[in-house]
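# Reading the structure
Residue strings, one per chain:
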Amino acid sequence: MKNVIEIVNLKKSYGEIKAVDDVSFSVAEGAFFAFLGVNGAGKSTTISILCGDQPRDGGEVRVDGLDLDGNADEVRRRLGVVYQNCALDQPLSVRDNLKYRAALYGITGKAFEKRLAELTELFGLQDLLRRPVGKLSGGQRRRIDIARAVIHEPKILVLDEPTTGLDPQTRKTVWGVVEQLRKAQGLTVFLTTHYMEEAADADEVVILDAGKIKAQATPLELKNRYTGDFITFYDLTDDEARSLGMPYERVSGAVRVAVKNTGEATELVRNYPALFRDYEITKGKMDDVFLAVTGKKCGGEV
C-alpha cells in the first residue's frame with residue numbers, strides 16, 4: 001500500500017528542549033493514523049513542520065511522494081488542517097467563510113457553488129449557511145472548520161486536537177462527520193489527540209513522549225502488548241472471589257479480576273465453571289496502554 005506521509009529522523013529543538021527527537025513514521029493512503037501524547041509531547045510541533053509552517057532542524061518529510069523542501073505549496077494543497085483553535089472568521093456567515101477559503105485555492109463561481117452543494121449535503125449545512133459563525137454552537141463550528149479544511153478536496157485531513165474542550169456528545173458528532181468524510185472521499189486522516197479512546201479505531205497508533213516515539217502498532221497489538229484483560233463478575237460473593245486465588249477489586253457492586261490475556265481467562269473458565277454465571281471479559285483501554293508505555297496519565301504525569 002502506498003504511503004502518503006513519510007517522516008524520517010525528524011528533529012526540532014527549542015534551545016535545550018528537544019521537541020521532536022529523531023522521529024520516524026509513515027502513514028498509508030486511506031488510513032486512520034493516530035498520534036498520541038500529553039500536551040508538550042511534540043505532536044503539534046510535528047504537525048506544524050509537516051504543514052510547512054515552521055522549519056525543522058533535521059530529517060526528511062515527504063507528502064504524497066513530494067519532498068517538503070522545494071514543494072511546500074504543493075504539499076499544502078494536499079493537506080486539509082483542522083487546528084485545536086477555531087480558524088473561522090466569527091462575524092462572517094458560514095457561506096462566506098467557505099467562499100473566501102475556496103478562493104484561496106482558485107475555486108470560484110460555478111466550481112465553488114458545486115463544491116458548496118457537496119459539502120452542504122455531506123455536513124448537513126442547509127440551515128447554517130447564512131448564519132454568522134459566532135452564533136453557532138461549538139459542535140456546529142467544528143463541522144464548519146472541517147468543511148473549510150476539505151473545501152479544496154485534499155488527500156489528507158490533519159486533525160490537531162480537534163475535540164479539545166468539547167463535551168462528549170459534541171465529540172461524538174464531530175467523529176461521525178469525520179467517518180462520513182472517510183467513507184465518501186477516501187481521505188487519509190492524521191489525528192493528534194490526548195483523548196486516548198479517540199484512537200481506539202485507528203489503523204495505526206504512535207505514542208509520543210518527550211519528543212520520542214515510545215510505541216507504534218495497531219490498537220489491538222498495543223493492548224495485547226501493554227495491558228491485560230479484565231473479567232468482571234456480576235454476582236460473585238467475596239468468598240467465591242477469594243476462591244479464585246487471584247487479586248480482585250469491587251467495582252460498582254461487581255468483582256473485577258485482572259488476567260494476563262484471553263488465554264488465562266479461558267483457563268479460569270475451565271477451572272471454575274460454577275463461578276462464571278454472569279460475567280464479561282474486556283481488554284484494557286488505550287488509557288491503560290498509554291500509562292504502561294509512558295508512565296503518565298493522558299492528563300499529565302502520575
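A brief structural summary. (Residues numbered from 1 in each chain as written. Predicted model: local features only at pLDDT ≥ 70, side-chain atom pairs only at ≥ 80, totals over all residues. Heavy atoms only, no water.)

### Some details on the packing of helix 4 (residues 109-123) against helix 6 (residues 168-185)
For clarity, the threshold we go by: Note on definitions: angles span 0 to 180 degrees between N-to-C directions of axes, and those axes are lines fitted to C-alpha atoms, for helices only across the stretch in contact. Going along the chain from the N terminus, every DSSP run of H or I of four or more residues is numbered as a helix, and every run of E of two or more is numbered as a strand. Angles are sorted into four bins: roughly parallel if under 35 degrees, roughly antiparallel if over 145, roughly perpendicular if 65 to 115, and oblique for all others. By convention, the crossing between two helices is left-handed when the near helix turns anticlockwise from the far helix through less than a right angle, and right-handed when the turn is clockwise. Contact between two residues is taken to exist if any of their heavy atoms lie within 4.5 Å; hydrogens are not considered. Each residue is assigned to one class: nonpolar for Ala, Val, Leu, Ile, Met, Phe, Trp, Tyr, Cys and Pro, charged for Asp, Glu, Lys and Arg, and polar for all the others, Gly among them.
Their axes nearest at 10 Å, the elements helix 4 and helix 6 cross at an angle of 130 degrees. One finds that helix 4 runs oblique with respect to helix 6. Read as a crossing pair, helix 4 and helix 6 show a hand that is right-handed. Taken together, the residues of helix 6 that come into contact with helix 4 (itself represented by R115, L122 and F123) are V177, Q180, L181, A184 and Q185. Residue composition of the contact of helix 4 with helix 6, by class: five nonpolar, two polar and one charged.

### Here we look at the sheet that holds strand 13 (residues 254-259)
Selection criterion: The rule for pairing is simple: two strands pair if DSSP sees at least two bridges between them.
With antiparallel pairing, the four strands of this open sheet are ordered in space as 12-13-11-14. With one partner strand each, in any of the chains shown, strand 12 (249-251) and strand 14 (279-283) form the two edges of the open sheet. Geometrically, the sheet is characterised by an average inter-axis angle of 30 degrees between neighbouring strands, direction not taken into account. Both strand 11 (residues 229-233) and strand 14 contribute to a ladder of five bridges, which runs antiparallel. Bridging from a neighbouring strand, D229 pairs with K283 of strand 14.

### Topic: unusual backbone geometry
How we decide: Burial here depends on accessible area, computed with a 1.4 Å probe over protein chains only, as a share of the maximum for the residue type. Under 20% is buried, over 50% is exposed, and the range in between is partly exposed.
Here D22, not a glycine, exhibits a phi torsion of approximately 60 degrees, which is positive. Relative to the assigned elements, D22 resides in strand 2 (residues 17-28). With phi around 50 degrees, D64 is a residue other than glycine that occupies positive phi space. Along the chain, the position of D64 falls in the loop between strand 4 (58-63) and strand 5 (66-67). Classification of D64 as buried rests on a relative accessible area of 13%.

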